[in-house]
Amino acid sequence: MMTKIDAAALADLLAVVRAEMPDTQRIAALEAALCLPLDEAGWRACADLAWQLLAGLAPHSPSRHRLLALAARIPLRSLRERLRTFAAVAPATERAVIEAALAEAARTGPAAIDDLPQAAARSAPRGQVERAAAAPAEARRVNACLLHQGERRNTFVAGAHCVLRCWIGLPVPDLAAHADLAVPTVDIPDEGLELTAVMTSGGSAMRRKLVLPADRSLPSNACDFPLEVPAHERHLAVELVFLFRGRVFEAVSIDAAVLAAGEPELPGQALLRVRVLASRRQALEIADSAPVDSLLVCGAAGLQRIGELEVRRYDLSQANRAIDWLNEKAFLTQATLVRREEANGESGAGLDPEDPAVLALLRTMARHGATLHGVLAVQGFTDPGERIQVLNLDPQTYAPFEFVYDRGYPADDARLCPEGLAALATEAAHCPRCRGPVPDDQRAAMPLVCPFGFWSIAKIIERLDPDELADPSLPNARRRSLPALDAVVFASSELVPEDERELTWRALQRSFARATLARDWSEWRQAVRAHPPLLLALPHHGEADALDYLQIGEDTLPPRLGRLSRGQIGAEYLNPGGLEPGPIVLLLGCRTATESGAGYVQLTRYLQQHKTAIVLGTLAEVLGRHAAPLARELVAELVAVNDPRADFGTILRRVRRRMLARGHLIALCLVALGDAQWRLTPRPAEASARPAA
């Protein structure tokens, strides 16, 4: 057997390649080295020198073409992947040389050594590479180029087959479009970071694997996504999501104009563009984060579920009907229930499974939720698992997954499941009675309504929004926990009844050593300068001159004190100076949506943008009389948290369960924006008693 020659034994020969002599002699020396029986280190040394030599050769020169052909003979998978990436953006003649040489090497050469991502091949200018390798911050971005009939383009071709080639690397602006922001800076292991790239377009999606090298000067391998461009389109956009262990690491939008075949690309046309939609370093930084069972993407193309083996699209257009019913009908009934309890002195006494009004409301809620589930199921949607991550790419689209009910359609005489009701007060993962498959012969008329059929009770739903790019407060490996809730700022609209406002304020005073009552927005702004960890607002959400606002205090206050317009919401009202971690914000009020529940979610996004950690609200509008009891219960449950390792997604599910068990049906519609991986520091033992509600 022939003895392998290592890199040290190659030193004299490779020194010739480095020497100051004509390029032809240096290339000849490298070619001689490639004829020797090298080990992996020797091949890697040759790859290093080949790429360095390539940077100094003139484009289109015979020497450059010869060197590219030689480089393709080096049997390192990483180098060949980078040559393919380089070919995608190289002139046509160089691309032809590379493709022919790679094909020949695959037929006649040795099998490539799978060394990704450790090779020293470079695909960016040398000075840029050296700066990136030494920089602590990440400079690599998502790069993309379009190929049509083997030629690089900046626009799509109508009615034609195109290839979208994408990779993560340093920008090469003359040869490819790149994202407006760098990917998150994270520690990458020596073996590189394995990501899954998922491209979605027109209701279909494709998955590809790529490896991001630890060396910040090196690109990942390229991913090719074939596209059939519709003949009638004039502009086309696709979405590309990079996943790490199922969680979103980076999401971008890639778009360009669509031109007719043969139509020239002209200045002013919408050329290929890459824009970052969401960037989540926490997907990598938090090593003990709970795994995500399903990733759901909501965008202009509808709902898409990204699985390990496939990506499927679903139509959930009927969701708005359920939200409208919640807004218009449901909590009028709920308000009646609350008033009845108070009249009988039974506030918070718990759900009465024999109360006709309770049963009627739960049946109807479950029927709407079962309808949503049925719409998904008939399209092949299966159980998404316990922990769901929702990436919302379209601010106008809101899928109410919290409201889905998967235990079938309740019969007219359906009763409340007693075992499910009892299990709400425990840490049980399932209802002991209603955990198996729903019998097909009963699905259309189920005899029981089980609380664990609602996804808001049974599952952990983590919502990610593109607007979080603004500046949310996010956990990381060094800062995982929110501070103990030892201070609060409280404000309320006059539309919340006076007795409810007073009950809420007294409960807060009993529960917090530092409780501040803000009578207008000026006082609120002053109070948040002390950085309390909890902000509680029960505002009226109104509209004037097509501008919506949040109103607190007496109705006689001048607008500059009583109203805060959406456009006025800024850090000074939430987290002055951007202190980390940011506060938890509870926004519960009268008519907290303008036309539908989706309006409320859009409003909470504004709050999420200003270094807030979690924004809690409701899926539907809340009547003023119900806002205060809900707020008291929610605060009571949050301050009673005693598990320092539970993430906020788990905590919120626990809070929903306990509030529902205590009779607050609107707990089913609690939603949270923010990172579900936050933890909440328990209060000291002497301050952790559950406050009176």
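Predicted model only: the values in this text are computed from it and were never measured.

What follows covers the overall build of the chain. Broken down by element type, the chain carries 18 helices and 29 strands. When the 693 residues of the chain are sorted by exposure, 57% land in the buried category. Partitioning the contacts of the chain with sequence separation of at least 6, the portion at a separation of at least 24 is 78%. As presented, the chain carries roughly 28,100 Å² of accessible surface, and 51% of it is formed by carbon and sulfur atoms.

With respect to the helices, strands and loops of the structure, Ile584 is situated in strand β26 (residues 584–587). Linking Ile584 and Val488, residues 96 residues apart in sequence, is a C-alpha distance of 9.8 Å. Beyond its immediate sequence surroundings of up to four residues, Ile584 is in contact with Leu482, Leu485, Pro533, Leu534, Leu535, Ile614, Phe648 and Leu680.

For the structure shown, the criterion picks out 27 salt bridges. Between Arg66 and Glu31 there is a salt bridge, with its nearest N and O atoms 2.8 Å apart. Of this pair, Arg66 sits in helix α4 (residues 62–71) while Glu31 sits in helix α2 (residues 23–34); the two residues are 35 residues apart in sequence, bridging distant segments of the chain. Overall, Arg66 belongs to the partly exposed group, its relative accessible area being 35%. Its salt-bridge partner being Arg234, residue Glu263 comes within 4.0 Å of it at the nearest N-O pair. Taken together, the positions of Glu263 in the loop between β10 (247–259) and β11 (273–279) and Arg234 in the loop between β8 (223–228) and β9 (235–244) put the pair 29 residues apart, joining distant regions of the chain. Look at the salt bridges and you will find they share partners, linking Glu31, Arg66 and Arg73 into a network.

Below, the discussion takes up helix α10 (residues 356–377). The α-helix winds at 3.6 residues per turn, so residues separated by three or four positions along the chain end up facing the same way. In this model α10 runs 30 Å from its N-terminal to its C-terminal C-alpha over 22 residues, within 8% of the 32 Å that 1.5 Å per residue would give. Sitting at the amino-terminal end of α10 is Asp355, which places a side-chain oxygen 2.8 Å from the backbone nitrogen of Ala357.

What follows covers the sheet that holds strand β25 (residues 563–565). In space, the three strands of this open sheet follow the order β23-β24-β25, with antiparallel pairing throughout. In the strand order of this sheet, the two ends are held by β23 (540–544) and β25, each with one partner. Sheet twist, expressed as the mean angle between neighbouring strand axes with direction ignored, is 35 degrees.

Summarising burial for strand β13 (residues 302–306): four of the five residues are buried, a large majority. The pairing of strand β12 (residues 294–299) with β13 spans five bridges and is classified as antiparallel. Bridging from a neighbouring strand, Leu295 pairs with Ile306 of β13.

Here we take up the packing of aromatic side chains. For the coordinates displayed, the defined rule picks out six aromatic pairs. Here Trp521 and Tyr573 contribute two aromatic rings whose centre-to-centre distance is 6.2 Å and whose plane-to-plane angle is 85 degrees, an arrangement assigned as edge-to-face. Of this pair, Trp521 sits in helix α14 (residues 521–527) while Tyr573 sits in the loop between β25 and β26, and the two are 52 residues apart along the sequence. Judged by relative accessible area, Tyr573 falls into the buried class, the value being 11%. A network of ring pairs unites the aromatic residues Tyr314, Phe381 and Trp455 as a single cluster. Taking NZ or CZ as reference, Arg305 lies 4.8 Å from the ring centre of Phe381, over its face. Sitting above the plane of the Tyr549 ring, Arg563 keeps its charged end 4.2 Å from the centroid.

Tracing the backbone shows Arg153 in strand β2 (residues 151–153). Side chain to side chain, Arg153 and Thr155 meet in a polar contact 2.7 Å long. Contact partners of Arg153, with chain neighbours within four places excluded, come to Leu146, His148, Leu259, Glu263 and Glu265.

This next bit is on the pairing of β23. In this structure, β23 lies alongside strand β24 (residues 547–551), joined through five bridges in antiparallel fashion. Residue pairing for β24: His541 is matched across the bridge by Leu550. Taking the residues between adjacent antiparallel strands as the criterion, β23 and β24 are bridged by two residues, where Asp545 takes a positive phi near 55 degrees.

What follows covers the packing of α2 against α4. Between α2 and α4, the least distance of the axes is 11 Å, while the angle of their chain directions is 10 degrees. As judged from the angle between their axes, α2 and α4 are roughly parallel. Like other packed secondary-structure pairs, α2 and α4 cross with a definite hand, here left-handed. The residues of α4 that touch α2, namely those facing Asp23, Thr24, Ile27, Ala28, Leu30, Glu31 and Leu34, are Ser63, Arg66, Leu67 and Leu70.

Time to look at the sheet that holds strand β22 (residues 534–538). The strand order across the open sheet formed by six strands is β21-β20-β22-β26-β27-β28, and the pairing between neighbours is mixed. A single partner strand is all that each edge strand has here, and the edge strands are β21 (514–517) and β28 (670–674). In this sheet, neighbouring strand axes are inclined to one another by 15 degrees on average, regardless of whether the strands run parallel or antiparallel. Pairing geometry for strand β20 (residues 487–492) and β22, over five bridges, is parallel. Across the sheet, residue Ser492 finds its bridge partner in β22, namely Leu538. Running at roughly 175 degrees to β20, helix α13 (residues 498–511) makes contact with β20, β21 and β22 of the sheet. Relative to the sheet, helix α18 (residues 648–661) contacts β26, β27 (614–618) and β28, its axis offset from that of β28 by approximately 165 degrees.

Remark: α4 packs on helix α6 (residues 92–108), axes separated minimally by 8 Å, with the N-to-C direction vectors making an angle of 30 degrees. Accordingly, the angle class assigned to the pair α4 and α6 is roughly parallel. When the axes of α4 and α6 are compared, the crossing they make is right-handed. On the side of α4, the interface is formed by Arg64, His65, Leu68 and Ala69, while α6 contributes Thr93, Glu94, Val97, Ile98 and Ala101. Here the residues of the contact of α4 with α6 are counted per class, giving five nonpolar, two polar and two charged.

About the criteria used
- Residues numbered from 1 in each chain as written.
- Predicted model: local features only at pLDDT ≥ 70, side-chain atom pairs only at ≥ 80, totals over all residues.
- Heavy atoms only, no water.
- Helix = DSSP H or I, 4+ residues; strand = E, 2+ residues; numbered from the N terminus.
- Buried < 20%, exposed > 50% of the residue type's maximum accessible area, 1.4 Å probe, protein only.
- Contact = heavy atoms within 4.5 Å.
- Areas by Shrake-Rupley, 256 points an atom, 1.4 Å probe, with all protein chains shown as cover.
- Salt bridge = Lys/Arg side-chain N within 4 Å of Asp/Glu carboxyl O.
- Expected span 1.5 Å × (residues − 1).
- Polar contact = N/O pair within 3.5 Å; in protein donor to acceptor, adjacent residues only side chain to side chain.
- Pairing = 2+ DSSP bridges.
- Axes fitted to C-alpha atoms, helices over the stretch in contact; angles between N-to-C directions.
- Phe/Tyr/Trp six-rings, centres within 6.5 Å; stacked < 30°, edge-to-face > 60°.
- Lys NZ or Arg CZ within 6 Å of the ring centre and 35° of its normal.
- Parallel < 35°, antiparallel > 145°, perpendicular 65-115°, else oblique.
- Left-handed = near helix turned anticlockwise from the far one by under 90°.
- Nonpolar A, V, L, I, M, F, W, Y, C, P; charged D, E, K, R; others polar.

Nothing here speaks to function; it is all geometry.
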